[in-house]
Amino acid sequence: MGNFVKKKMTRIFFFCLFLFPAQVFSQNAAEIYEQGLTLKKNKKTKEALVKFQEALKLNPSYYQAQYEIGWCYNDLQNYTAAITALRSVRKEMSTIAKLYFELGYAFEKNAQYDSARANYEKCKSLKPDYSNINKRIGYCYYSQDKHELALSKFIEHSNQKAVDSDYVYWYRRGYTENALKKYEDAIKSLTYSKLYKDDYLNTYLELGFANSKLKQDEVAIGYFNKAMELDPKSHVPYNGIAEIYRDNKKDMIKAMEWYQKTLTLKPNERKACFGIGYCLNSQQKYAEAVSYLTKAIEQENTYTAAYVELGYSYYKLGKNTEAETHFLKAISLTPSNENARFYLGYLYISQNNKQKAQQMANELKSLNSKNAAPLQEKINKL
């Protein structure tokens, strides 16, 4: 009798399970999903991910769990997996802004900046005041060296969010302003970056650069010295001080001393080699300059300024074939380069080749270069 009852109860259980399986599993999935949300709130991302995956396994149509899985993958820096998870719920969440923000973030961190911006823009179209949306779009442009577009988004962000204590934002804005030669604006932005994090090396490097461009030499040197304190192994601040002595103070001897300090830290460093070559040329030590400038090009074979300077060395040494080769290489690398055309024009004048010299003068005129007039004057005397 007991076995008969047990068998009957078992049949009833399975019959009920057959009638209501979706409801049972859905309830379990929802409970597990809520557990995942609690873990996520407590910053236990790995544990939360497991719960969301369990919920999705119980209910494969549970798109909210799939979204949270994508969020967790972003938080765990598994951006490829995040993209896959988030893409799978675009149909169900097509009007929900946060989905596109998370997708944009995953693409941004995966260095797929055009796809990132497309998703950020979709997020913004759904919710124009979405937190940090303009900053993230600006970061994409920043990573692509699209400085004007980046700055416009950074300004939008600041207009939307009056106070932002993110030092990275202020550093990137300052860096962008430096790239656009807005040095005073850059100093303001970088000062905020320093306020929110006073030991970030790159902020001091950019502050040194901005002040050096404004001819505030001692202030700039102070920032470069602070950068050295933060990272004694970094060669960049040594180059920064060297350039102040080279370009602002016109003290080539002192500049070379600082460039040599760079080479002690990093032998054959391209900017230091170029800088020493430039200083040697300015002292008419052209033969010595050649070896340094050659090293600079060996380190970076697209270094336009080094080709120009090396061409100048050869020109002054009377090696016109080598000089012409390097000037033409500089022009091929940077079609708008003025100095290469100017020196090449003088080289052609020295060869009494008026036709080629005139070509260089005409090209300088098309570039609205201030060097066109003095070159033309020399050509007219041929």
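What counts as what
- Residues numbered from 1 in each chain as written.
- Predicted model: local features only at pLDDT ≥ 70, side-chain atom pairs only at ≥ 80, totals over all residues.
- Heavy atoms only, no water.
- Salt bridge = Lys/Arg side-chain N within 4 Å of Asp/Glu carboxyl O.
- Helix = DSSP H or I, 4+ residues; strand = E, 2+ residues; numbered from the N terminus.
- Buried < 20%, exposed > 50% of the residue type's maximum accessible area, 1.4 Å probe, protein only.
- Expected span 1.5 Å × (residues − 1).
- Contact = heavy atoms within 4.5 Å.
- Patch = residues over 30% accessible without salt bridge, like charges linked within 9 Å, V, L, I, M, F, W, Y side chains within 5 Å.
- Areas by Shrake-Rupley, 256 points an atom, 1.4 Å probe, with all protein chains shown as cover.
- Polar contact = N/O pair within 3.5 Å; in protein donor to acceptor, adjacent residues only side chain to side chain.

*Asks:* Would you explain the pattern of salt bridges in this entry?
*Replies:* Any two side chains of opposite charge can pair, so long as their charged atoms come close to each other. Using the criterion set out here, one finds 17 salt bridges in the structure. K135 is paired through a salt bridge with D164; the nearest N and O atoms lie 3.2 Å apart. Placement of K135 in helix α8 (residues 133-143) and of D164 in the loop between α9 (147-160) and α10 (167-179) is noted, with a sequence separation of 29 residues between them. Of the two residues, K135 and D164, neither departs from the other in class, the shared state being buried.

*Asks:* Can you help me understand helix α12 (residues 201-213) in this one?
*Replies:* In an α-helix there are 3.6 residues to a turn, and that puts residues three or four apart on one side. In a regular helix each residue adds 1.5 Å, so 13 residues correspond to 18 Å; α12 covers 19 Å between its end C-alpha atoms and thus fits that length. Summarising burial for α12: 10 of the 13 residues are buried, a large majority. All of the buried residues along α12 are L201, T203, Y204, L205, E206, L207, G208, A210, N211 and S212. At its buried positions, α12 is contacted by α10, α11 (183-196), α13 (217-230) and α14 (236-248). Remark: K215 follows α12 within two positions and exhibits a positive phi of approximately 65°.

*Asks:* For this particular structure, what's the right way to read a nonpolar patch on the surface?
*Replies:* A cluster of nonpolar side chains, namely V163, Y192, L195 and Y196, defines an oily patch on the protein surface of about 420 Å² accessible area. By secondary structure assignment, the location of Y196 is in helix α11. Taking relative accessible area as the criterion, Y196 reaches 33% and is therefore assigned partly exposed.

*Asks:* Is there a simple way to think about the side chain of Q66 in this case?
*Replies:* If you trace the backbone, Q66 turns up in helix α4 (residues 63-75). A polar contact is formed between the side chain of Q66 and the side chain of S88, at a distance of 3.2 Å.

*Asks:* Mind showing me how you'd approach α4 here?
*Replies:* If you check α4, its first and last C-alpha atoms are 19 Å apart, about what 13 residues at 1.5 Å a residue would give, namely 18 Å. Burial in α4 covers these residues: A65, Q66, Y67, E68, I69, G70, C72, Y73 and N74.

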